[in-house]
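Reading the structure
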Amino acid sequence: MPLSQYFRLMDVMARMALRADASRFFLGYIWWVLEPLLWVGVFYVVFVIILGSRSEDFLPFLMVGKLSFVWFSKSITQASNSIVAGKGLVGKINVPKTLFPMAMVHEGLYRQAAVFLMMFLYVLIDGYSVTSAWFYLLPVMVVNYVMIIACALVGACAVCMARDFSPLIGLGMMFLMFTSGVFWNVRDLDPAKAEMVLALNPLAFMLDAYRQILLVGIPPDMGHLLSIGAGFGALLCVMVLVMRRASHYLALKALTA
Amino acid sequence: MSNEARKVMLELDSVSLSYHTGKKTFDAGKHRVLNNVSLTLREGEALGVIGRNGVGKTTTLRLMAGILAPTSGRVKVASGKSASLLTLGLGFKPDLSGRDNALLAAMLQGSSRKQAEAFLDDIAEFSELGESFELPVKNYSAGMRSRLAFTAALMTHVDILLIDEILSVGDAQFRTKALNAMQNRITGEQTVVFVSHMTDQVKALCDRVIWLEHGEVVAEGPADEVVDAYAEQVTK
């Protein structure tokens, strides 16, 4: 399949899925921002109202972390099951198997565009101002997207080969939620530990980068960001090649497992 | 031109396909779907594939379309030729309109967005859906859904058309229309492999037929002969 046809098809699949999804609900597209807001609301009730253990700035801190994390976790969870869920199509057409997770991640990108817009507006309304550091949002988002695609391809391949990976991915997302500083600030740890968390957990680095840019006005460590981008970019390329070579095998696994 | 003189479009050479079923389940083990199947398809030929459920007919088409690869043996498609499986309900989303679903189905079958959009009016007309074409497919009756699916599938233009059981659609009037449309496609230079349980249609559309049983070819020859032998076996 020519590359241009591949990307057009991916885009149409994503748009159609969004349209189908919106038509199922009374509130339609409003759910794009309502769902993540409800997530933030739930955590706010638990951590601020019930436990009362956080500072005044906790809501913007939580919003930026949680909304960025949800993009990552939801995209990967859904994309991981995409080949298996699309086995009706897998058995009928010979298309690259990457198309299924890619369309799912692309769908998430459209949703996230609305969520980010809402998040930026909230941050501004809350009294934070636009600084020169905001220019760094673009590379951070690009690296985040590359990270999501690479992980989504790994997840989709793994679940296709053994369904057992599906619950493990869900568990992995829960683990990442607690270890990536969604509810707590990596920078509150002692410096050595903070450095270790940021070095070992790329997602913690990404969430911290969003917060540093939007809430503190400091650009991220670009060297670190580029190394994450290069690492996941390489993983993405490897996965595309692997899935291309294993296309028939993945189809057989999707159809017969 | 004699059949042998025509160009070979597709060839299955001692093709077998097997896979392992899930471990630690009651049905664990190796499942052999096709065993040493060989056949040749020539340009402009209409080849029928018949057999009971589960004998490997759809798998044969999937191998020809390049969706699956054989465990052993070779599938050879003539250089520069494309083979595509024509099948009903390609990824239909019930919440989307007939128009959206038809667009998606056409693109999944290899059309560009422009080509797919150009097909939409023809699809709306042939499927006889009228204003329902703009409504969500979840509101369609089974017959309307089949008509949309058949028409969207019919728009595919490939060198080798692999047809999997798609003529049993809609009411009697639409079935006749569908059969005629398919006959028009086949009587041209279109190369076709046609899988169906409807032996009358196989006889009407195909020059040659292979009969599969337990993943193996048990008979191959002129459509009338093979279909009659199969019908006799089935009714025994």
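Further up the page is the structure itself.
Model, not experiment: these values are computed from the prediction. (Residues numbered from 1 in each chain as written. Chains lettered and ligands numbered in written order. Predicted model: local features only at pLDDT ≥ 70, side-chain atom pairs only at ≥ 80, totals over all residues. Heavy atoms only, no water.)

Each side of the interface is counted separately: chain A has 23 residues, and chain B has 27 residues. Here chain A and chain B share an interface that buries about 2200 Å² over both sides, 67% of which is from carbon and sulfur atoms. When residues of chain A are sorted by the area they lose upon contact with chain B, Met16, Lys92 and His248 of chain A head the list and together hold 25% of the total. At the junction of chain A with chain B, the criterion picks out two salt bridges. Ionic pairing is found between Asp100 of chain B and Arg19 of chain A, a salt bridge with its closest N-O pair at 2.6 Å. Taken together, chain A and chain B are joined by six residue pairs in polar contact (both at pLDDT 80 or more). Where the side of chain A that touches chain B is concerned, the elements lending two or more residues are α1 (3-24), α5 (87-90) and α12 (247-256) of chain A. With 11 residues, the single largest contributor to the side of chain A that touches chain B is α1 of chain A. Residues belonging to the side of chain A that touches chain B are distributed by class as follows: 13 nonpolar, six polar and four charged. (Contact = heavy atoms within 4.5 Å. Buried area = accessible area lost by both parts, 1.4 Å probe. Salt bridge = Lys/Arg side-chain N within 4 Å of Asp/Glu carboxyl O. Polar contact = N/O pair within 3.5 Å; in protein donor to acceptor, adjacent residues only side chain to side chain. Helix = DSSP H or I, 4+ residues; strand = E, 2+ residues; numbered from the N terminus. Nonpolar A, V, L, I, M, F, W, Y, C, P; charged D, E, K, R; others polar.)

Moving on, we come to the pairing of strand β5 (residues 83-86) of chain B. Residues and elements named next belong to chain B. Covered by surrounding structure in β5 are Ala83 and Leu85 together with Ser84 and Leu86, the residues of both alternating faces. In the sheet, β5 pairs with strand β6 (residues 160-164) via four bridges, with the strands oriented parallel. By the bridge assignment for β6, Leu86 is matched with Ile163. (Buried < 20%, exposed > 50% of the residue type's maximum accessible area, 1.4 Å probe, protein only. Pairing = 2+ DSSP bridges.)

Further remarks concern the sheet that holds strand β2 (residues 29-42) of chain B. Residue and element names in this part refer to chain B. Pairing in this open sheet of three strands is antiparallel, and the strands run β2-β1-β4 from one edge to the other. With one partner strand each, in any of the chains shown, β2 and β4 (72-77) form the two edges of the open sheet. Direction aside, neighbouring strands of the sheet carry axes that sit 20° apart on average. Judged from the 10 bridges that link them, strand β1 (residues 8-21) and β2 form a sheet pairing that is antiparallel. Considered in β2, the bridge of Ser18 is made with Arg32. Most of the contacts of helix α1 (residues 57-64) go to β1, to which it runs at about 120°, and overall it touches β1, β2 and β4. (Axes fitted to C-alpha atoms, helices over the stretch in contact; angles between N-to-C directions.)

With the exception of glycine, most residues fall at negative phi, and the peptide bonds are largely trans. Residues and elements named next belong to chain B. The residue Ser14 is not glycine, and still its phi comes out positive at about 45°. Residue position: Ser14 is located in strand β1. Non-glycine residue His214 carries a positive phi angle of around 50°. Structurally, His214 can be placed in the loop between β8 (208-213) and β9 (216-222). Residue His214 is classed as exposed on the basis of its relative accessible area of 68%.

Function cannot be read off these values alone, since they describe shape.
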